[in-house]
Amino acid sequence: MLEIVGVKKKLENFELSIDYLKIERGEYFVFLGLSGAGKTTLLEIISGFRKPDSGKIMLNKEDITDKNINERKIAVCQGYLFPHMSVYSNIAYGIKGNKKEKVKELAKMLEIEHLLDRMPETLSMGEKQRVAIARALAVNPEVVLLDEPLNSLDRLTHESLMVELKKLHEETNTTFIHVTHDFVEAITLANRIAIIRKGKIEQCDTVENILKHPKNEFVAKFVGMKNLLDGYVCGNKVDCGIELQINKNVIKTNGNSTKKVKVGIRPEDVMIISSKNCKFVNYNVFDAKVVDIYPLTLSTSRVVLDVEGVELIAETVKSKVLRMGLKRGSKVKICITDASIINHS
Amino acid sequence: MRRIFLIFFVLMVLSVILSIACNLTPEVMLKAINSNEVRFAVMLSLKSALIATAMALVVGVPSAYTLARSEFLLKELIDSLVDLPVVLPPLISGLGLLLFFGDTPIGKIISKFIQVVFTPTGIVVAQFFIATPFVIRTVRAVFESIDPKYELIAMSLGSSKTEAFFKVVLPMARKGILAGAILAWARCMGEFGATLMLAGATRMRTETLPIAVYLNISVGNIDLALSIAFVMLAIAVLTIASIKFVVSGGVGNRWS
């Protein structure tokens, strides 16, 4: 269990400041934030590469803030393969005892057995990352720190390595702390995510909770909530240009019916339905007009809709767009299956 | 137009080389090679330069690492002091060394254990003083070009700071250190001014190659002086060639 207690570090433009954060043993924890948010600095403080101005880092209840880097049992996984050593020697670097067997086991796990005799300069980016991961795991650390490990990889390698990281984490049962700016990476891998901005944690929660209940507008935008509308709470409904029922009709109003709110709707929660099927849904159904459609990935499309004068963005599978014959100007019905009240201002 | 300047200077360098080479006949060269004095000077220069370079590396590499990686009080001043022997005329450095070893209490105590003034040891000391800043400057630049993250990561994998230095940083800096050593060695081979002041110019005792040229010119033995000059020219050409070879990756290509 790793605890970050009252850590402060003055940086060039802002101060990194974490009041308290606990990362459980065996957890896959992701720090998500834009570049320059302070994620890497925080990782460097945890690893001992930098000293905080104040505060403590505790590992299994022991204060390790002033402990030497090599005594922390925290391995850092970053590119930086030792260029003068073969892949085998890189992985074996920190192993005490039977190097051969351990390297073999890790190489098998990461599917890099065929690379062991090669020098780092001859490896592709993806292969280098695999070696770096193996090297970090080789020392049986309590915590592995991964600083943007999937950065600058091509799409295919990125996807496969992401899946493998998740698998590795499950197999090794080690605490993984991963830093990234990639939201998809974060939700695929993490048990919990901390969204970090200008040195402060904006929200720290499970993936599901962050997606459903982003704490503020920044988090909402960061986690892909494309539709952010101003609205008012009216009884058990929200009026944001369109009148919505939220969370199975339960809305906390604090008894104030004119309370201003921000309503967030994820694009995948805007369901485009054919008029024939709309009888199955009996709330949050609206008439809409397709303003624009463009491809998002190979299999999904983004649809810009005009719903009673309010612009909403929906994401749907391409096959549905084809099946329904959607094009600019098409008249459709939409159903908003979920929405969240983000902040009360 | 610009090329004319370059051609002018290249021609000047070539004329210097040819002036030495063309004034030599194979017989004169053979005679010089067989002369005891030349053999003595070559051996003394090789030995003293080798010892001085080794000492310069022992002192220079850790100093370069400290200057590259640490921040400390008066760093700028210390940095300038380290560079001083490069800028100072070697003759003045030699004079300073002579006064230090011959005339100061600390120098006198040292001289009780090891004679420096007007001895072959003085040659090594003078060469070490002149060559060490070259090692520090070259090696420091190499250390600075190595991202400190390599050491930190080695430490996060269980190495102590010293272990990380010897296992990771030093091998990574290998080429640069080698280039620095060759440069320092060449500087030692050619060292004249400081050697003349501290070790003196005694025939067959403190007679390094440059001292031999000086002594022979002063007694009008031009042939021998030219032969020694030719040997030194060959050493200079070899030095440049070997530095180019090392830097371009000829040595230990797998380390790059």
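Residues numbered from 1 in each chain as written. Chains lettered and ligands numbered in written order. Predicted model: local features only at pLDDT ≥ 70, side-chain atom pairs only at ≥ 80, totals over all residues. Heavy atoms only, no water.

Attention shifts here to the nonpolar core. Within soluble globular proteins, side chains that are nonpolar generally end up buried alongside one another. Formed by 119 residues in total, the largest nonpolar core has its most connected members in Ile4, Phe31, Ile46, Phe82, Ile91 and Ile177 of chain A together with Phe143 of chain B. Ranked by residue count, the leading element in this core is helix H3 (residues 36-69) of chain B, at 10 residues. In this view, Ile91 of chain A contacts Val103, Leu106, Ile112, Leu116, Val131, Ala134, Arg135 and Ala138 of chain A; residues no more than four positions away in its chain are not counted. Counting residues in each nonpolar core, the second largest holds 27 residues, with Val233, Ala288, Val332 and Ile336 of chain A among its members. (Core = buried A, V, L, I, M, F, W, Y, C linked by side-chain atoms within 4.5 Å. Buried < 20%, exposed > 50% of the residue type's maximum accessible area, 1.4 Å probe, protein only. Helix = DSSP H or I, 4+ residues; strand = E, 2+ residues; numbered from the N terminus. Contact = heavy atoms within 4.5 Å.)

Turning our attention to the pattern of salt bridges. Residue and element names in this part refer to chain A. Under the defined criterion, the tally for this structure stands at 28 salt bridges over all chains. Put simply, Arg50 and Glu44 hold a salt bridge, and the shortest N to O gap is 2.7 Å. Overall, the relative accessible area of 32% leaves Arg50 in the partly exposed class. Assessed through its relative accessible area of 11%, Glu44 is described here as buried. (Salt bridge = Lys/Arg side-chain N within 4 Å of Asp/Glu carboxyl O.)

Bringing the interface of chain B and chain A into the picture now. Across the contact, 21 residues belong to chain B and 22 residues belong to chain A. Interface area, chain B with chain A, both sides summed: about 2,000 Å², of which 63% is carbon and sulfur. For chain B, the biggest contributors to the area lost against chain A are Lys149, Ile153 and Leu157 of chain B; these three give 32% of the whole. Here Glu44 of chain A makes a salt bridge to Lys149 of chain B, at a shortest N to O gap of 3.1 Å. Connecting chain B to chain A are six residue pairs in polar contact (both at pLDDT 80 or more). Looking at the side of chain B that touches chain A, the elements with two or more residues in it are helix H8 (149-156) and helix H9 (161-172) of chain B. Sorting elements by how many residues they give to the side of chain B that touches chain A places H8 of chain B first, with seven residues. (Buried area = accessible area lost by both parts, 1.4 Å probe. Polar contact = N/O pair within 3.5 Å; in protein donor to acceptor, adjacent residues only side chain to side chain.)

On to the sheet that holds strand E17 (residues 300-307) of chain A, then. Residues and elements named next belong to chain A. Judged by pairing direction, the sheet is antiparallel, and its five strands sit side by side in the order E15-E19-E16-E17-E18 without closing on themselves. Two strands bound the open sheet, and with one partner strand each, they are strand E15 (270-273) and strand E18 (310-317). This sheet shows a mean twist of 45° between the axes of neighbouring strands, independent of strand direction. Summarising the sheet, E17 and E18 pair through eight bridges and their orientation is antiparallel. (Pairing = 2+ DSSP bridges. Axes fitted to C-alpha atoms, helices over the stretch in contact; angles between N-to-C directions.)

With that settled, consider unusual backbone geometry. Residues and elements named next belong to chain A. One non-glycine residue with positive phi stands out, namely Lys73, at about 65°. Checked against the element boundaries, Lys73 lands in the loop between strand E5 (62-63) and strand E6 (74-77). On the basis of relative accessibility, which here comes to 55%, the residue Lys73 falls in the exposed class. Here the phi dihedral of Glu308 falls at roughly 50°; this positive angle occurs in a residue that is not glycine.

This part is about the environment of Arg328 of chain A. All names here are of chain A. With respect to the helices, strands and loops of the structure, Arg328 is situated in the loop between helix H9 (318-324) and strand E19 (331-336). For Arg328, a relative accessible area of 61% puts it in the exposed group. Aside from chain neighbours lying at most four places away, what touches Arg328 is Val290, Val291 and Asp292. Side chain to side chain, Arg328 and Asp292 meet in a polar contact 3.1 Å long.

Axis angle and axis distance: for two packed helices, these are the angle between their axes and the distance between the axes, and together they describe the pair. Residue and element names in this part refer to chain A. Look at helix H4 (residues 125-137) against helix H5 (residues 155-172): their axes get within 11 Å of each other, and the N-to-C directions meet at 10°. Taken as axis vectors, H4 and H5 run roughly parallel relative to one another. In this structure, the crossing between H4 and H5 has a hand that is right-handed. Within the contact between the two elements, H4 uses Gly126, Gln129, Arg130, Ile133 and Leu137 and H5 uses Thr157, Ser160, Leu161, Glu164, Leu165, Leu168 and Thr172. Counted by class, the contact of H4 with H5 contains five nonpolar, five polar and two charged residues. (Parallel < 35°, antiparallel > 145°, perpendicular 65-115°, else oblique. Left-handed = near helix turned anticlockwise from the far one by under 90°. Nonpolar A, V, L, I, M, F, W, Y, C, P; charged D, E, K, R; others polar.)

Further remarks concern the environment of Thr188 of chain A. Residues and elements named next belong to chain A. The residue Thr188 is located in helix H6 (residues 183-189) in this model. Residue classification places Thr188 among the partly exposed positions, given a relative accessible area of 28%. Sequence separation of Thr188 and Lys166 is 22 residues, and the distance between their C-alpha atoms is 8.2 Å. Those residues within four positions of Thr188 in sequence are excluded, and the remaining contacts are Met162 and Lys166.

This part is about the confidence of the model for chain A. This prediction gives chain A a mean pLDDT of 88; 93% of its residues lie at or above 70. The element-level mean pLDDT for chain A is lowest in strand E20 (residues 340-344) of chain A, coming to 72, with helix H2 (residues 87-92) of chain A highest at 96. (pLDDT = per-residue confidence, 0-100.)

Moving on: the pairing of strand E2 (residues 15-23) of chain A. Residues and elements named next belong to chain A. Looking at chain direction, strand E1 (residues 2-10) and E2 are connected through eight bridges and run antiparallel. Bridge assignment links Lys9 to a residue of E2, and that residue is Leu16. Counted along the chain from E1 to the antiparallel partner E2, the turn is four residues long.

Here the focus is the side chain of Glu3 of chain A. Residue and element names in this part refer to chain A. Tracing the backbone shows Glu3 in strand E1. No salt bridge forms around the buried Glu3; measuring N to O, its nearest opposite-charge neighbour Lys61 is 4.6 Å away. A polar atom in the side chain of Glu3 sits 2.5 Å from the side chain of Tyr20. (Lys, Arg positive; Asp, Glu negative; His and termini not counted.)

Here we take up a nonpolar patch on the surface. Taken together, the side chains of Leu6, Ile7, Val10, Leu11, Leu14 and Leu18 of chain B define a hydrophobic patch exposed on the protein surface, amounting to about 560 Å² of accessible area. Within the fold, Leu6 of chain B resides in helix H1 (residues 2-22). (Patch = residues over 30% accessible without salt bridge, like charges linked within 9 Å, V, L, I, M, F, W, Y side chains within 5 Å. Areas by Shrake-Rupley, 256 points an atom, 1.4 Å probe, with all protein chains shown as cover.)

Bringing the sheet that holds strand E7 (residues 143-147) of chain A into the picture now. Residue and element names in this part refer to chain A. Strand order in the open sheet made by the six strands is E6-E7-E8-E3-E9-E10, with mixed pairing throughout. With partners counted over all chains shown, the strands left at the sheet margins are E6 and strand E10 (200-206), one partner each. When strand polarity is set aside, the average angle formed by the axes of neighbouring strands in this sheet is 20°. Where E6 lies against E7, four bridges are found, and the strand directions are parallel. Looking at the pairing, Val76 lines up with Leu145 of E7. Its contacts with the sheet place H5 against strand E3 (28-32), E7 and strand E8 (175-180), and it is angled at close to 160° to E8.

All right, on to the packing of aromatic side chains then. Scanning the entire structure with this criterion turns up 11 aromatic pairs over all chains. The interplanar angle of 65° and the centroid separation of 5.1 Å between the aromatic rings of Phe29 of chain A and Phe31 of chain A together place this pair among those described as edge-to-face. When its relative accessible area of 0% is taken as the criterion, Phe29 of chain A is described as buried. Residues Tyr65 of chain B and Phe143 of chain B carry aromatic rings whose centres are separated by 5.3 Å and whose planes lie at 80° to one another, so their mutual orientation is edge-to-face. Of the two residues, Tyr65 of chain B sits in helix H3 while Phe143 of chain B sits in helix H7 (residues 120-145), which places them 78 residues apart along the sequence. One exposure class covers both Tyr65 of chain B and Phe143 of chain B, and it is buried. Taken together, the ring pairs connect Tyr65, Phe143, Phe165 and Phe166 of chain B into an aromatic cluster. Stacked on the ring of Phe82 of chain A, the Lys or Arg Arg135 of chain A has its end atom at 4.6 Å from the ring centre. (Phe/Tyr/Trp six-rings, centres within 6.5 Å; stacked < 30°, edge-to-face > 60°. Lys NZ or Arg CZ within 6 Å of the ring centre and 35° of its normal.)

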